[in-house]
Amino acid sequence: MTSAIESVLRAPQLQADLRRIGEKVLNQERITPDEGVMLYEKADLSYLAALANFVREQKHGNNTYFNRNFHIEPTNLCVYSCKFCSYSRLIKQKEEGWILTKEQMMDIVKSYDQKPVTEVHIVGGVLPQMNLAFFTDLLRSIKQHRPELHIKGFTAVEYYYMFKKAKVNYTEGLQLLLEAGLDSIPGGGAEIFHPDIRQQICEDKCTGQEWLAIHEAAHHLGIPSNCTMLYGHIEQYWHRIDHLERLRQLQDRTQGMNCFIPLKFLRENNEMSYLNEVSVLEDLRNYAVSRIYLDNIPHLKAYWPMIGKTTTQLSLAFGVNDIDGTIDDTTKIYSMAGAEDQNPTMSTQQLVALIKNVGRRPIERDSIFRPIQDYSEIVFPKNEFVALPVIQNERSN
């Protein structure tokens, strides 16, 4: 496993400062914020791939995880106006949006009754009428109908608004949702924590510190969460490292985060469409640095509906060990922003093929990353199999 990283560290042309960082990674020592910025600015992709893949295989070997899930998006109307968002519509634009009733959302849940999904992911816009009482009632109904279904629900932005409106603190509000059936929290709404960036792209919603405080409160209640970062817009590399450092410090305190998901800025149909999207090479650079820097967060996810299937396959050589789930055509967040997959759905067979075709071991997991099924030796009937591209992956062994 160490052959690739040892090889790049012996390269005579490698700068001394980068060699020192590589030696720290090889010895499983934590790198500093300045070293994180240096990796973004100075390291070439092959070097980053070797380091990130080493960290990935130290933590997970060859395993690559996915789950079988579906999304419910209660509304795309929102009281907030984030400049990067292609998904939400202001309340005054209600003719362009949707608001689902509790009954409509339960119909979505019931449509999966005969399907082996393990998770429902609930996120959407922020509306006054979709308040704490509304969502606790929804969660209870879901659990009454299908008790074993894991509910991963609501971003910190949604929590901040619903708790403020209900006049409860973070702990009180989360406790009510926990009792109603909440199992874990997704990582959305983090964007970039630094206030200088946040003020320019999403100034009217909760601050980075408030996002972190809500997740910390959840962890103290035993509710695990994920975390994200929106990259590739107006931020600089040091803003990304500042963001990762705040996540790393929170994880040091609580150990409550399961997975980090970098989210790529997509430019279509939003107020920041004047910006160019970053390249696939920058996507891979960001995955690698994230894996190296976040030494205490177990999993790194590539969200395939956002970056596409081929880039997702490439990311598995840059530190990524999870590719999310089947989705089943139930999310519009990234298709509305111009993502490659306008109808984002993959069958279990397709996910397995995507992973196998780059030489990794496909493992179905539950929502908190406990293995359910190893698909490495399973052969699907040909009439159910849809091939995906094969990308050669020169991994270290």
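Calculation rules
Residues numbered from 1 in each chain as written. Predicted model: local features only at pLDDT ≥ 70, side-chain atom pairs only at ≥ 80, totals over all residues. Heavy atoms only, no water. Helix = DSSP H or I, 4+ residues; strand = E, 2+ residues; numbered from the N terminus. Buried < 20%, exposed > 50% of the residue type's maximum accessible area, 1.4 Å probe, protein only. Areas by Shrake-Rupley, 256 points an atom, 1.4 Å probe, with all protein chains shown as cover. Pairing = 2+ DSSP bridges. Disulfide = S-S within 2.5 Å. Axes fitted to C-alpha atoms, helices over the stretch in contact; angles between N-to-C directions. Contact = heavy atoms within 4.5 Å. Phe/Tyr/Trp six-rings, centres within 6.5 Å; stacked < 30°, edge-to-face > 60°. Lys NZ or Arg CZ within 6 Å of the ring centre and 35° of its normal. pLDDT = per-residue confidence, 0-100.

**Digging into the overall build of the chain**
Along its length, the chain carries 15 helices and twelve strands. Across the 397 residues that make up the chain, the buried fraction comes to 60%. For the chain, the exposed area adds up to about 16100 Å²; of that, 49% sits on carbon and sulfur atoms.

**Observations regarding the pairing of strand β5 (residues 119-122)**
Remark: a regular strand shows side chains that alternate across the two faces of the sheet. What you see with β5 is no split at all: E119 and H121 on one side and V120 and I122 on the other are buried throughout. Where strand β2 (residues 69-72) and β5 come together, four bridges link them in parallel fashion. Considered in β5, the bridge of H71 is made with H121. Summarising the sheet, β5 and strand β6 (residues 150-153) pair through four bridges and their orientation is parallel. Directly across from I122, in β6, lies its bridge partner G153.

**A short note on the state of the cysteines**
Per the counting criterion, the structure on display carries zero disulfides. Between C259, a cysteine without a disulfide, and C227, which holds the nearest cysteine sulfur, the sulfur-to-sulfur distance is 7.4 Å. Among the residues examined, C259 registers a relative accessible area of 0% and is labelled buried.

**As for the sheet that holds strand β11 (residues 361-365)**
The sheet built from four strands is open, its strands ordered β10-β1-β11-β12 with mixed pairing. On the outer flanks of this sheet lie β10 (322-325) and β12 (371-374), each paired with one strand and no other. Strand-to-strand, the axes of this sheet are offset by a mean angle of 30°, without reference to chain direction. With four bridges connecting them, strand β1 (residues 63-67) and β11 associate as parallel partners. The residue of β11 that forms the bridge with Y65 is I363. Together, β1, β10 and β11 form the strand contacts of helix α15 (residues 348-356), whose direction differs from that of β1 by roughly 160°.

**A look at the packing of aromatic side chains**
For the structure shown, the criterion picks out nine aromatic pairs. The interplanar angle of 50° and the centroid separation of 5.7 Å between the aromatic rings of F66 and Y375 together place this pair among those described as tilted. Here Y375 lies in the segment after β12 and F66 lies in strand β1, a separation of 309 residues in the sequence. Members of the aromatic cluster, each reached through a chain of ring pairs, are F134, F135, F154, Y159 and F163. Sitting over the face of the ring of Y112, K115 holds its NZ or CZ atom 4.9 Å from the ring centroid. The aromatic ring of F369 is capped on one face by R365, whose charged end is 4.1 Å from the ring centroid.

**Concerning the confidence of the model for the chain**
Scored by pLDDT, the chain comes out at a mean of 89, with 88% of its residues at no less than 70. In this model, residues 329-339 is a region of pLDDT below 50 whose contacts with residues beyond four sequence positions or in other chains number 41 contacts. Long-range and interchain partners of residues 383-397, a stretch whose pLDDT sits below 50, account for 34 contacts in this model, where long-range means more than four residues apart.

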